Amino acid sequence: MTSTVVAIDGPSGVGKSTVAQRAAARLGLTVLDTGAMYRAIGLACLRAGVDLEDEPAVMAVAEGLDIDLRPGKAGQLEVVLDGEPVGQHIRTPAVSDATSRISSYPGVRRRMVSLQRQVATRRGVVVEGRDIGTVVFPDTPHKFFLTATSLVRARRRLADLAASGHRTSLEEVLADIEARDGRDSSRQDSPLRCDDSYQVIDTSDISIEQVVDRVVRGVAAVAAPSVATP
Ligand code: DC
């Protein structure tokens, strides 16, 4: 690894994207949202109309895609699918559901992990996802695992969906988050898993700025460790 990599992992709706963007701005790094990469494949599978339970069919779609990462707005790398920036098309509930299914396939993950590692050889990045500190960049000293109860996360997600014009209920969003948590944590390949190498931050009762402060201070502490005086 040649550049700084800050790994931010955690379950759906915990606030990883906002924290990653604000921490990256303060640290002078670029943001890589790996969920957006998996979502681009989920979107392509829905558009192709493949059976999401049919792993070879999903792989055939994934292998035929041209996925590129280009510098976008606010220091974020934008996912470009067959020449088209994916934008908000990847943020619908249908794409969320499809993505949580197709991201369990090892072939899909292998391709995404290789792209993610290539990016970090060229620039310093804050990478957010599920397996960044465990699988993609296990050697980085900067690992943060964000948590919050499923109810807190469902309330936040409901507010985000309402803001982007999607009408749904708290019960529906909570059921969806719990189903996705189950799939993310129980899949065989690269499940969502926290270990001792992470700094865990419970975001339930603190502000986004407080979470960002902890990440930025955590990175700075490792970059310039305090020397114990005898
Ligand atoms: O973070 P998100 O909600 O945008 O992620 C969308 C889906 O992609 C989610 O079901 C988990 C999956 N994902 C993954 O398996 N590995 C990652 N590194 C990032 C996301």
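Residues numbered from 1 in each chain as written. Predicted model: local features only at pLDDT ≥ 70, side-chain atom pairs only at ≥ 80, totals over all residues. Heavy atoms only, no water.

1. Quick look at the overall build of the chain
Then step 1. On a plain count of helices and strands, the chain comes out with nine helices and eight strands.
Then step 2. Overall size of the chain, expressed as C-alpha extent along the three principal axes, is 65 × 40 × 35 Å.
Then step 3. Out of the 230 residues in the chain, the part that is buried amounts to 47%.
Then step 4. Partitioning the intrachain contacts of the chain with sequence separation of at least 6 by distance along the chain shows that 74% fall at a separation of at least 24.
Then step 5. Accessible area for the chain stands at about 11,000 Å²; split by element, carbon and sulfur atoms hold 51% of it. (Helix = DSSP H or I, 4+ residues; strand = E, 2+ residues; numbered from the N terminus. Buried < 20%, exposed > 50% of the residue type's maximum accessible area, 1.4 Å probe, protein only. Contact = heavy atoms within 4.5 Å. Areas by Shrake-Rupley, 256 points an atom, 1.4 Å probe, with all protein chains shown as cover.)

2. Comments concerning the sheet that holds strand β6 (residues 125-129)
Then step 1. Pairing in this open sheet of five strands is parallel, and the strands run β2-β6-β1-β7-β8 from one edge to the other. The open sheet has two free edges, formed respectively by β2 (30-33) and β8 (199-202), since each of these has just one partner strand. On average, adjacent strands in this sheet sit at an angle of 20 degrees to one another, irrespective of strand direction.
Then step 2. As defined by bridge partners, strand β7 (residues 142-147) adjoins β8 across four bridges and the pair is classed as parallel. Looking at the pairing, L146 lines up with I201 of β8.
Then step 3. Sitting on the sheet, helix α2 (residues 34-48) touches β2 and β6, and the angle it makes with β2 is about 40 degrees. (Pairing = 2+ DSSP bridges. Axes fitted to C-alpha atoms, helices over the stretch in contact; angles between N-to-C directions.)

3. Quick notes on the nonpolar core
Then step 1. Residues I41, I67, V79, L81, I102 and V108 are the most contacted members of the largest nonpolar core, which totals 39 residues.
Then step 2. Per-element accounting of this core gives the leading share, eight residues, to α2.
Then step 3. In this structure, I41 is in contact with A62, L65, I67, I102, V108 and M112, ignoring residues within four places of it in sequence.
Then step 4. Ranked by size, the runner-up nonpolar core spans 19 residues in total, among them A20, A24, L29 and V216. (Core = buried A, V, L, I, M, F, W, Y, C linked by side-chain atoms within 4.5 Å.)

4. Side note on the site of the ligand
Then step 1. Inspection of the region around the ligand gives 14 residues, with R39, R109, R130, D131 and R187 positioned closest.
Then step 2. At a separation of 3.5 Å, an oxygen atom of the ligand approaches a polar side-chain atom of R180.
Then step 3. In the model, an oxygen atom of the ligand is placed 2.9 Å from a nitrogen or oxygen of the R187 side chain.
Then step 4. Relative to its unbound accessible area of 450 Å², the ligand is 97% covered by the protein chains.
Then step 5. Broken down by secondary-structure element, the contributors of at least two residues to the shell around the ligand are α2, α4 (93-102) and α8 (170-186).
Then step 6. A total of four residues in the shell around the ligand trace back to one element, the largest contributor, which is α2.
Then step 7. Taken together, the residues that form the shell around the ligand break down as one nonpolar, six polar and seven charged. (Near = heavy atom within 4 Å. Polar contact = N/O pair within 3.5 Å; in protein donor to acceptor, adjacent residues only side chain to side chain. Nonpolar A, V, L, I, M, F, W, Y, C, P; charged D, E, K, R; others polar.)

5. Some words on unusual backbone geometry
Then step 1. Even without a glycine there, the phi angle at D82 is positive, about 45 degrees.
Then step 2. Along the chain, D82 turns up in the loop between β4 (77-81) and β5 (84-85).
Then step 3. D82 sits in the partly exposed class, given a relative accessible area of 47%.
Then step 4. Of note in the backbone geometry, S190 takes a positive phi value of approximately 55 degrees without being a glycine.

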